[in-house]
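# Tertiary structure, described
Here are the chains, one letter per residue:
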Amino acid sequence: MARIEIDFPAKVSVGKGVVSALGLELSAMGVREALLVVSDAAWKSALDEVCESLSAARVKWGMLLVHPEAYRVGAVELAVGLSRRARAVVALGCWPALALSKVLSARCGTELVAVPAPPGFAEAFSRMTVQPRGYVGPSKPLKPPAAIFVDTGLPLGRDLEKALAAEALVSTLEALAVGWRNRFILLLAEAAVERLERSLRGSSVADAQALFEAAVYAALARGHSLCSALSSLARALFSVFGVDPYAAELALARAWVTAASRAVEGSPAADAYRRAALLLEEFTGGFSSVPTLPELGVGESKLDLAAEYAWTFEHHCAERDPSVSSRFSLRQLLAEACHRKAQRSS
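Quick caveat, the model's predicted, so the values are computed rather than measured.

The rules behind the values
- Residues numbered from 1 in each chain as written.
- Predicted model: local features only at pLDDT ≥ 70, side-chain atom pairs only at ≥ 80, totals over all residues.
- Heavy atoms only, no water.
- Helix = DSSP H or I, 4+ residues; strand = E, 2+ residues; numbered from the N terminus.
- Rg over C-alpha atoms; globule rule 2.2 N^0.38 Å.
- Buried < 20%, exposed > 50% of the residue type's maximum accessible area, 1.4 Å probe, protein only.
- Contact = heavy atoms within 4.5 Å.
- Areas by Shrake-Rupley, 256 points an atom, 1.4 Å probe, with all protein chains shown as cover.
- Phe/Tyr/Trp six-rings, centres within 6.5 Å; stacked < 30°, edge-to-face > 60°.
- Axes fitted to C-alpha atoms, helices over the stretch in contact; angles between N-to-C directions.
- Parallel < 35°, antiparallel > 145°, perpendicular 65-115°, else oblique.
- Left-handed = near helix turned anticlockwise from the far one by under 90°.
- Nonpolar A, V, L, I, M, F, W, Y, C, P; charged D, E, K, R; others polar.
- 1 Å grid on protein atoms, 1.4 Å probe; cavity = no way out; pocket = protein on both sides within 12 Å on 5 of 7 lines; lining within 4 Å.
- Points joined across faces, edges and corners; volume = space filled by probe spheres on them.
- Salt bridge = Lys/Arg side-chain N within 4 Å of Asp/Glu carboxyl O.

### Quick word on the overall build of the protein
- Looking only at helices and strands, the protein has 14 helices and seven strands in total.
- Here the C-alpha radius of gyration of the protein, 19 Å, is about what a compact globule of 346 residues would show, namely 20 Å.
- With respect to the three principal axes, the spread of C-alpha positions in the protein is 60 × 45 × 35 Å.
- For the protein, the residues scored as buried account for 58% of the 346 residues in total.
- Put simply, 77% of the contacts in the protein that link residues at least 6 apart link residues at least 24 apart.
- Approximately 13,700 Å² of the protein is accessible, and the part contributed by carbon and sulfur atoms is 53%.

### Side note on the packing of aromatic side chains
- Inspection of every chain in the model, using the stated rule, returns five aromatic pairs.
- For the pair Tyr71 and Phe238, a centre-to-centre distance of 5.9 Å together with 20° between the ring planes defines the contact as stacked. With Tyr71 in the loop between strand S4 (60-66) and helix H3 (73-82) and Phe238 in helix H8 (residues 229-241), this residue pair connects regions lying 167 residues apart in the sequence.
- When its relative accessible area of 1% is taken as the criterion, Tyr71 is described as buried.
- One aromatic cluster in this structure is built from Tyr71, Trp95 and Phe238.

### Some points on the packing of helix H11 (residues 303-313) against helix H13 (residues 327-338)
- Close contact between H11 and H13 brings their axes to 9 Å; oriented N to C, the two are set at 140°. Classed by the angle they form, the pair H11 and H13 counts as oblique. Handedness of the H11/H13 crossing: right-handed. Contacts between H11 and H13 involve Leu303, Asp304, Ala306, Ala307, Glu308, Ala310 and Trp311 on the former and, on the latter, Arg327, Leu330, Arg331, Leu334, Ala335 and Cys338.
- Split into classes, the residues belonging to the contact of H11 with H13 amount to nine nonpolar, no polar and four charged.

### Notes on the layout of surface pockets
- Estimated volume of the largest pocket: approximately 430 Å³.
- Contributing to the lining of the largest pocket are 17 residues, with Lys162, Ala163, Ala166, Tyr246 and Leu250 lying nearest its centre.
- Listed by contribution, the elements that provide at least two residues to the lining of the largest pocket are helix H5 (158-179) and helix H9 (245-264).
- Considering each element in turn, the lining of the largest pocket owes the most residues, six residues, to H5.
- A per-class count over the lining of the largest pocket returns ten nonpolar, two polar and five charged.

### Here's the deal with the side chain of Ser231
- Tracing the backbone through its elements, the reader meets Ser231 in helix H8.
- Its relative accessible area of 1% is what places Ser231 among the buried residues.
- Leave out the neighbours within four places in its chain, and Ser231 touches Glu174, Arg222 and Glu249.

### With respect to empty space enclosed by the protein
- This structure, assessed with the given rule, holds three cavities of 30 Å³ or more.
- Approximately 100 Å³ is the volume found for the largest cavity.
- If you go around the largest cavity, you meet 15 residues; those closest to its centre are Glu123, Arg222, Ser231, Arg235 and Tyr246.
- Sorting the residues of the lining of the largest cavity by element identifies H8 and H9 as the ones contributing at least two each.
- Looking at side-chain class alone, the lining of the largest cavity contains eight nonpolar, three polar and four charged residues.
- The computed volume of the second largest cavity comes to approximately 50 Å³.
- In terms of lining residues, the second largest cavity is bounded by Thr129, Gln131, Tyr135, Gly137, Ser139, Arg235, Ser239, Tyr309, Phe313 and Glu314.
- Every element with two or more residues in the lining of the second largest cavity is listed here: H8 and H11.

### Comments concerning the packing of H9 against H13
- One way to put it is that H9 packs onto H13 with a least axis distance of 8 Å and a crossing angle of 125°. Taken together, the axes of H9 and H13 are oblique relative to one another. At the point where H9 passes H13, the crossing takes the right-handed sense. Here Ala251, Leu252, Ala255, Trp256 and Ala259 of H9 come into contact with H13, specifically with Leu333, Leu334, Glu336 and Ala337.
- Across the contact of H9 with H13, the residue classes tally to eight nonpolar, no polar and one charged.

### Side note on the pattern of salt bridges
- For the structure on display, the rule yields 16 salt bridges.
- Residue Glu77 is joined to Arg107 by a salt bridge in which the shortest nitrogen-to-oxygen separation is 3.1 Å. One end of the pair, Glu77, is in helix H3; the other, Arg107, is in helix H4 (residues 95-108), and 30 residues separate them in sequence.
- Here Glu249 ties to Arg222 by a salt bridge, and the two come within 2.7 Å at their closest N and O atoms. Taken as a pair, Glu249 in helix H9 and Arg222 in helix H7 (residues 208-224) lie far apart in primary sequence, 27 residues in all.
- The class of Glu249 is buried, set by a relative accessible area of 5%.

If you want it as structure tokens, here you go:
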């Protein structure tokens, strides 16, 4: 099975068994002590492989488990104390582990290596991050990982396959809407669409290699385009209300995809955007399998605060989105997503 390596901006290794080289990568960086930050959803086979790789390279390691509900401001302060001696942070798993690791790496000035998993696979490729619950302030770009290992030989399972596919589709649409004028971003996003079509057409996610490749291309494209109003609102919903940001993105997706489609109409990205939007609608059964904002605990009374937070602290991200012109347009996206339950049942 072919491998892919991209040094832009991190070293990205994709292929079967690549995680076994993690220890050697850290050793080459001069790292002798590392902190493993592991999400509770991380699959055991990946954790075993990482620990074996570190031990074989004689890299000492400690472990910190993180759960989405525990990713709060106070927990981050405790984690900073635990990571003071480590010369590198290794993130293993879905978005809470990746987000916390990026914050720790920035706070402590250590190297960062990632072994990402869905949901939140794209978090490893982004300079932005989900700030801890209770954080109030601007979300600034952070240094990306020095190396990212995407091991296609690790078993995903049906639920994680579905999460990875949905996330890759949303990331592709974000990149196309916000960054299509950058030819590199457009090429990455078009490659993601082609592989997603190959992987997802039919009754099941059959081509795991194509799905992993699509997710990497989509995450790289999204990372280079920074972000959109969609991801800004999702991060705001977690910071303020503790809503899973990747579930929130899906809940907002239909309203945002419709608004953003007007911005790419007639552009070189229009065809790829249309194909990705159609694929997302097919994959989610016309969005019937996607939770609504009220089902995530975000009712009408919370929309003003979410829009205000995103416009104030994520303004530099939201304003990059051609579908957004004001605080009101952010509020309107939230309102349309909030009312989707009635539309879905009609």
